Structures are given as C-alpha cells and as structure tokens.
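Report on the structure
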Amino acid sequence: VSKRDIYALFVDKRAILAVGIAERVQRMLTPLELPPARSRKALVRTLRVHGAAVLRGLSDPAVTAVYRLAIAEGGRSREVAQALDTGGRQPNQEALTELLARARASGLLRGGDSADMAGQFYGLLLGNLQVRLLLRVADPPGEAEIEARAGAAADALLALYGKRRTG
C-alpha cells in the first residue's frame, strides 16, 4: 500500500495509530465489559482474564515497537505517546477502576481508592516486564507465564483489598 493510499483514508499518523491502538485496546477491555462480579471467585476470574489480555497486548512485538517509536519521537513530537496514552492506557485504567469501584460497592473489596487499586494491579501484573521488553533484554512471555502473572496479580490485589474472610 502506498503512502498516498493510506493518507487518502487517514488524516495523519496519529489517526492511523488511533485506529490500531483502539482495536488492540478493545481486546484488553472485553473481560471488563462482563456483568459485575457478584462473588470473589468471579472477580478473580475477571481480573485474571483482563490481566492476561493486557499482558498479551503489551508484550506483542508490534505494540512494543509503537512504544519505542513514542519514546524516540518524544523530543520532536508527542503525538504517538498521546495516542498510546489516550487510546490505550486511559481506557484500560478507567474500565478497571470502574470494575473495582463496583466490587467495592458490592462488598467484595474493602478500603482503598479504586483508581489506586487499578494502578497497583497493573504494577503487580507488569512489574518490570515492559521496560525489559522495550530494552530488548527479555523475550515476550509465553502463555504459561502470562497466565501465571495474571493470576498472581489478581491474587495479590485480593490479598491487599479483599473482604476479610471470617471463620
């Protein structure tokens, strides 16, 4: 496809990136669009599925390349970084924050601010993986590692904020 054909469909580079980012983000958000969790088990399952989707998305070599582009262009232009932030990070953060707020309202979680909890979940999920991928000192995780990381992050978040069990 020629540049002329591409720019006949898109106004600029940011518009092209926005479409690609939005499509990938939708895959990550799908687990969060499920009905609200009514049990601890359902909440953990939703967090695990979402976490695995996020890890698959962020560790995809094409996504890592876009992050590298955003970093490289940072001194000249912020449009790639802004597209990643507004089209990728923010929708995920907002959707997870809403899920956790509903879990708090239903009594599945205690204390804490839902936005802070979402940030902590992503921190637990990613650790330093994304930086290592950007630096090319790690390979993208395989499916077993993705599932293990997502499960560990969900379990850790519930250990921090889950309703204490009596008995």
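The structure displayed is predicted, hence computed values, not measured ones.

For the chain, the count of helices and strands is eight helices and zero strands. In the chain, the succession of helices and strands from N to C terminus is α-α-α-α-α-α-α-α. When the 167 residues of the chain are sorted by exposure, 36% land in the buried category. The long-range share in the chain, meaning contacts at least 24 apart out of those at least 6 apart in sequence, stands at 73%. Split by element, the accessible area of the chain, about 9600 Å² in all, is 57% carbon and sulfur.

A word on the environment of R132. With respect to the helices and strands, the residue R132 is situated in helix α7 (residues 129-134). Excluding residues that lie within four positions of it along the chain, R132 makes contacts with V137 and A138.

Taken over all residues, the pLDDT of the chain has a mean of 85, while the share at 70 or more is 89%. Confidence, read as mean pLDDT per element, is least for helix α2 (residues 13-29) in the chain (68) and greatest for helix α8 (residues 143-161) (97).

A surface patch of nonpolar side chains, about 290 Å² in accessible area, is lined by V131, L135 and V137. Note that L135 resides in the loop between α7 and α8. We classify L135 as exposed; its relative accessible area is 59%.

Once that is clear, we can look at the packing of helix α6 (residues 114-126) against α8. Remark: α6 packs on α8, axes separated minimally by 8 Å, with the N-to-C direction vectors making an angle of 140 degrees. The angle between α6 and α8 falls in the class oblique. Handedness of the α6/α8 crossing: right-handed. Residues M117, Q120, F121, L124, L125 and L126 of α6 pack against R149, A150, A153, A154, A156, L157 and Y161 of α8. Each residue belonging to the contact of α6 with α8 can be placed in one class, and the counts come to 11 nonpolar, one polar and one charged.

Attention now moves to the nonpolar core. Core analysis: the biggest nonpolar cluster contains 32 residues, and L43, L47, L96, L100, L109, F121 and L125 have the highest contact counts within it. Mapped by element, the contributors of at least two residues to this core are α3 (40-59), α5 (79-105), α6, α7 and α8. Counting residues per element, this core draws most heavily on α3, at eight residues. Non-local contacts of F121, meaning those with residues more than four positions away in its chain, are made with L47, H50, G51, L96, A153, A154 and L157.

Following the criterion strictly, the structure yields six salt bridges and no others. Across the salt bridge formed by R56 and E143, the nearest N and O atoms sit 2.5 Å from each other. In this pair, R56 sits in helix α3 while E143 sits in helix α8, placing the two residues 87 residues apart along the sequence. The partly exposed category is assigned to R56, whose relative accessible area is 35%. Judged by its relative accessible area of 42%, E143 is partly exposed. R56 is paired through a salt bridge with E147; the nearest N and O atoms lie 2.9 Å apart. Here E147 lies in helix α8 and R56 lies in helix α3, a separation of 91 residues in the sequence.

Before going further, it helps to spend a moment on unusual backbone geometry. Positive phi, normally seen in glycine, also occurs at R136, with a value near 65 degrees. Along the chain, R136 falls in the loop between α7 and α8.

Once that is clear, we can look at α5. Taking 1.5 Å of rise per residue, the 27 residues of α5 would be expected to cover 39 Å, and the 37 Å separating its terminal C-alpha atoms lies within 8% of that figure. Once α5 ends, the next one or two residues include G107, with phi positive near 90 degrees.

Basis of the calculations
- Residues numbered from 1 in each chain as written.
- Predicted model: local features only at pLDDT ≥ 70, side-chain atom pairs only at ≥ 80, totals over all residues.
- Heavy atoms only, no water.
- Helix = DSSP H or I, 4+ residues; strand = E, 2+ residues; numbered from the N terminus.
- Buried < 20%, exposed > 50% of the residue type's maximum accessible area, 1.4 Å probe, protein only.
- Contact = heavy atoms within 4.5 Å.
- Areas by Shrake-Rupley, 256 points an atom, 1.4 Å probe, with all protein chains shown as cover.
- pLDDT = per-residue confidence, 0-100.
- Patch = residues over 30% accessible without salt bridge, like charges linked within 9 Å, V, L, I, M, F, W, Y side chains within 5 Å.
- Salt bridge = Lys/Arg side-chain N within 4 Å of Asp/Glu carboxyl O.
- Axes fitted to C-alpha atoms, helices over the stretch in contact; angles between N-to-C directions.
- Parallel < 35°, antiparallel > 145°, perpendicular 65-115°, else oblique.
- Left-handed = near helix turned anticlockwise from the far one by under 90°.
- Nonpolar A, V, L, I, M, F, W, Y, C, P; charged D, E, K, R; others polar.
- Core = buried A, V, L, I, M, F, W, Y, C linked by side-chain atoms within 4.5 Å.
- Expected span 1.5 Å × (residues − 1).

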